[in-house]
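In case you want the letters, here they are:
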Amino acid sequence: MARAFTPKVVTANDLLDGDVIYLTTNDSWSRDLCDAELITDEAHAQIRLLDAQRQTNKIVGAYLADVAAGDNGPEPTHFREDFRRTGPSNYAHGKQESSPQPRV
C-alpha cells in the first residue's frame, strides 16, 4: 500500500553562496523556511520541483523536503532539515545568531 502524501517544500542551495534556500509561492527564493510554499498535493509538488530544477543559473540540488504546517509557516519534520535551516552546529555565526536554536 502506498504511503499517504505528506506536505513538502522545495529546497535547494544558492548557486553562488551555498546558502539553503526555499521556493516561495511567487517563484522567488527565500533563506527563511517560514516563507516557503507549503505544498500539499503530490502532483503540484512534482511540478514545482521541476520548475526549480530548471533554474540552473540560480540554484543547485533542488529536492522536496517533508514539513508540517506550523503557526509561522512550514516546520521541518526531520532533523536534517532542521539542521539545514540553522546552519553549522559548531558555534553560533551567520544565520544562527538571529535564528532560534534547533529543537532536540
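To keep things clear, this report deals only with the structure shown in the data block. Keep in mind that what you see is a predicted model, and the values were worked out from it rather than measured.

Basis of the calculations
Numbering of residues begins from 1 in every chain and follows the order in which that chain's sequence is written. In keeping with the model being predicted, local features are shown solely for residues with a pLDDT of at least 70 and side-chain atom pairs are shown and tallied solely at 80 or more, while totals for entire chains, interfaces and linings include all residues. With hydrogens and water excluded, all non-hydrogen atoms of the structure serve as input to the side-chain values. Pairs were defined over the aromatic rings of Phe, Tyr and Trp, the Trp ring being its six-membered one, requiring ring centres within 6.5 Å. Orientation was assigned from the angle between planes: stacked under 30 degrees, edge-to-face over 60, tilted for the rest. Our definition puts a charge over a ring when NZ of Lys or CZ of Arg is within 6 Å of the ring centre and also within 35 degrees of the ring normal. What counts as a helix is a DSSP run of H or I of at least four residues, what counts as a strand is a run of E of at least two, and both are numbered from the N terminus. Here, a salt bridge means any Lys or Arg side-chain nitrogen found within 4 Å of an Asp or Glu carboxyl oxygen. For the exposure calls, accessible area comes from a 1.4 Å probe over protein chains only, and a residue counts as buried if that area is under 20% of its type's maximum, exposed if over 50%, partly exposed in between. Within the patch definition used here, like charges are joined within 9 Å and nonpolar side chains (Val, Leu, Ile, Met, Phe, Trp, Tyr) within 5 Å, considering only residues with over 30% relative accessible area and no salt bridge. Using a 1.4 Å probe, accessible areas were evaluated by the Shrake-Rupley method; residue-level cover was limited to the displayed protein chains.

To continue, consider the packing of aromatic side chains. Tallying each qualifying case throughout the model produces zero aromatic pairs. Sitting over the ring of Phe5, Lys8 keeps its end group 4.9 Å from the ring centre.

A positive phi angle, close to 65 degrees, is found at Asp27, a residue other than glycine. Within the element layout of this structure, Asp27 appears in the loop between strand E2 (20-23) and strand E3 (29-30).

The next point concerns the pattern of salt bridges. The final tally for this structure, using the stated rule, is 12 salt bridges. Glu75 is the partner of Arg85 in a salt bridge, and the nearest nitrogen-oxygen pair spans 3.5 Å. Remark: Glu75 occurs in strand E5 (residues 73-76) and Arg85 occurs in helix H2 (residues 79-86); sequence separation between them is 10 residues. Given the relative accessible area of 22%, Glu75 is considered partly exposed. Among the ionic contacts, a cluster of salt bridges with common partners joins Asp27, Glu37, Arg48, Asp51 and Arg54.

What follows covers a nonpolar patch on the surface. On the surface, Leu15, Leu16 and Val60 cluster together into a nonpolar patch covering about 320 Å² of accessible area. With respect to the helices, strands and loops of the structure, Leu16 is situated in the loop between strand E1 (8-14) and E2. Its relative accessible area of 80% is what places Leu16 among the exposed residues.

The analysis is restricted to geometry; functional conclusions fall outside its scope.
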